[in-house]
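Descriptive analysis of the structure
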Amino acid sequence: RGYFIGYEQMSDLEVKLMDSINDILGTDNTRVLNVNINKFSRNTKIQVMIDNKNGITVDECVRVSRITEDIIKLDDGFKSEYTLEVTSPGINRPLFLEDDYRDNIDSKVKISLKKMQDNTKNISGVIMEVVGKSVVIKSRNKIHKIEFENIKKANLDREIEIKKWIKRY
């Protein structure tokens, strides 16, 4: 499936839940980007991040929430009470998959690296292309070829432009 970024940080249970939901969603335009299961509090908190090229609606979150609850009921890995949260990734969405980088060529991105590269651990720039197991980022006048396995975290870097309308009489 081409999972790279963030996938290695997910537990086996999180990966299993994500794969199960995505299998049910099938060829639907909606897909699960990430699952986070926090068992450290009294109630287990399950966060499911979904995305759709056409945007995410409240109805879509409800639909995925119902699918997720059905999967959880059938899985022995979830024995305690839990809180389920299904969300969209937001405007500065994280990039988890190789396809996320391909789908966002020519977009601004902020990347945190695991190991130093070009004397930095943070690179901001525009996604130029995906080559093999790397992404090419243009940052100012410099080109960075970053291997996916060296990416700790990556997010789109979009700005919201707020226009003030002046009403003239």
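Residues numbered from 1 in each chain as written. Predicted model: local features only at pLDDT ≥ 70, side-chain atom pairs only at ≥ 80, totals over all residues. Heavy atoms only, no water.

**A few points about the side chain of Asp100**
Inspection of the secondary structure puts Asp100 in helix α3 (residues 98–103). Residue Asp100 is classed as buried on the basis of its relative accessible area, which comes to 0%. A polar contact is formed between the side chain of Asp100 and the backbone nitrogen of Leu97, at a distance of 2.9 Å. Those residues in contact with Asp100, other than ones at most four positions away along the chain, are Arg31, Leu33, Arg93, Pro94 and Leu95. (Helix = DSSP H or I, 4+ residues; strand = E, 2+ residues; numbered from the N terminus. Buried < 20%, exposed > 50% of the residue type's maximum accessible area, 1.4 Å probe, protein only. Polar contact = N/O pair within 3.5 Å; in protein donor to acceptor, adjacent residues only side chain to side chain. Contact = heavy atoms within 4.5 Å.)

**Focus: helix α1 (residues 12–25)**
With 14 residues, α1 extends 20 Å from end C-alpha to end C-alpha; this agrees with the ideal 20 Å at 1.5 Å per step. Where α1 is buried, its residues contact β1 (30–38), β2 (44–52) and α2 (58–74). (Expected span 1.5 Å × (residues − 1).)

**A few points about the packing of α1 against α2**
The contact between α1 and α2 brings their axes to 10 Å, and the two run at 125°. The orientation of α1 relative to α2 falls into the category oblique. Classified by chirality, the crossing of α2 by α1 is right-handed. Side by side, α1 and α2 meet where Leu17, Ser20, Ile21, Ile24 and Leu25 of the first sit next to Arg63, Val64, Ile67, Thr68, Ile71 and Ile72 of the second. Of the residues contributing to the contact of α1 with α2, the split by class is eight nonpolar, two polar and one charged. (Axes fitted to C-alpha atoms, helices over the stretch in contact; angles between N-to-C directions. Parallel < 35°, antiparallel > 145°, perpendicular 65-115°, else oblique. Left-handed = near helix turned anticlockwise from the far one by under 90°. Nonpolar A, V, L, I, M, F, W, Y, C, P; charged D, E, K, R; others polar.)

**Focus: the sheet that holds strand β6 (residues 134–139)**
Read across the sheet, five strands follow the order β7-β6-β5-β4-β8 without closing on themselves; strand pairing throughout is antiparallel. Looking at strand neighbours, the two that pair on one side only are β7 (142–147) and β8 (151–156), the edges of this open sheet. Strand-to-strand twist across the sheet, computed as the mean angle between neighbouring axes with direction ignored, equals 40°. Examined bridge by bridge, strand β4 (residues 108–117) and β8 share five bridges and lie antiparallel to one another. When the sheet's bridge partners are listed, Lys110 is paired in β8 with Asn155. (Pairing = 2+ DSSP bridges.)

**Some remarks on unusual backbone geometry**
Despite not being glycine, Asn119 shows a phi value in the positive range, around 65°. For Asn119, the position within the fold is in the loop between β4 and β5 (120–131). Backbone geometry at Arg140 places phi at a positive 55°, although glycine is not the residue there. If you trace the backbone, Arg140 turns up in the loop between β6 and β7. With a relative accessible area of 79%, Arg140 lands in the exposed category.

**Overview of the sheet that holds β1**
Strand order in the open sheet made by the three strands is β1-β2-β3, with mixed pairing throughout. The strands lining the two open edges of the sheet, one partner per strand, are β1 and β3 (82–87). With strand direction ignored, the average angle separating the axes of adjacent strands in the sheet is 15°. The pairing of β2 with β3 spans six bridges and is parallel. When the sheet's bridge partners are listed, Met49 is paired in β3 with Thr87. Against the sheet, α1 engages β1 and β2, with an angle of about 155° to β1. Docked against the sheet, α2 engages β1, β2 and β3, running at close to 145° with respect to β3.

**Focus on the nonpolar core**
Counting 21 residues, the largest nonpolar core has Leu17, Ile21, Val32, Val35, Ile46 and Val48 as its most contacted members. Looking at this core, the elements with two or more residues in it are α1, β1, β2, α2 and β3. Of the residues forming this core, the biggest block, six residues, is contributed by α1. The residues touching Ile21, leaving out its near neighbours within four places in the chain, are Val32, Val48, Val64, Ile67, Thr68 and Ile71. (Core = buried A, V, L, I, M, F, W, Y, C linked by side-chain atoms within 4.5 Å.)

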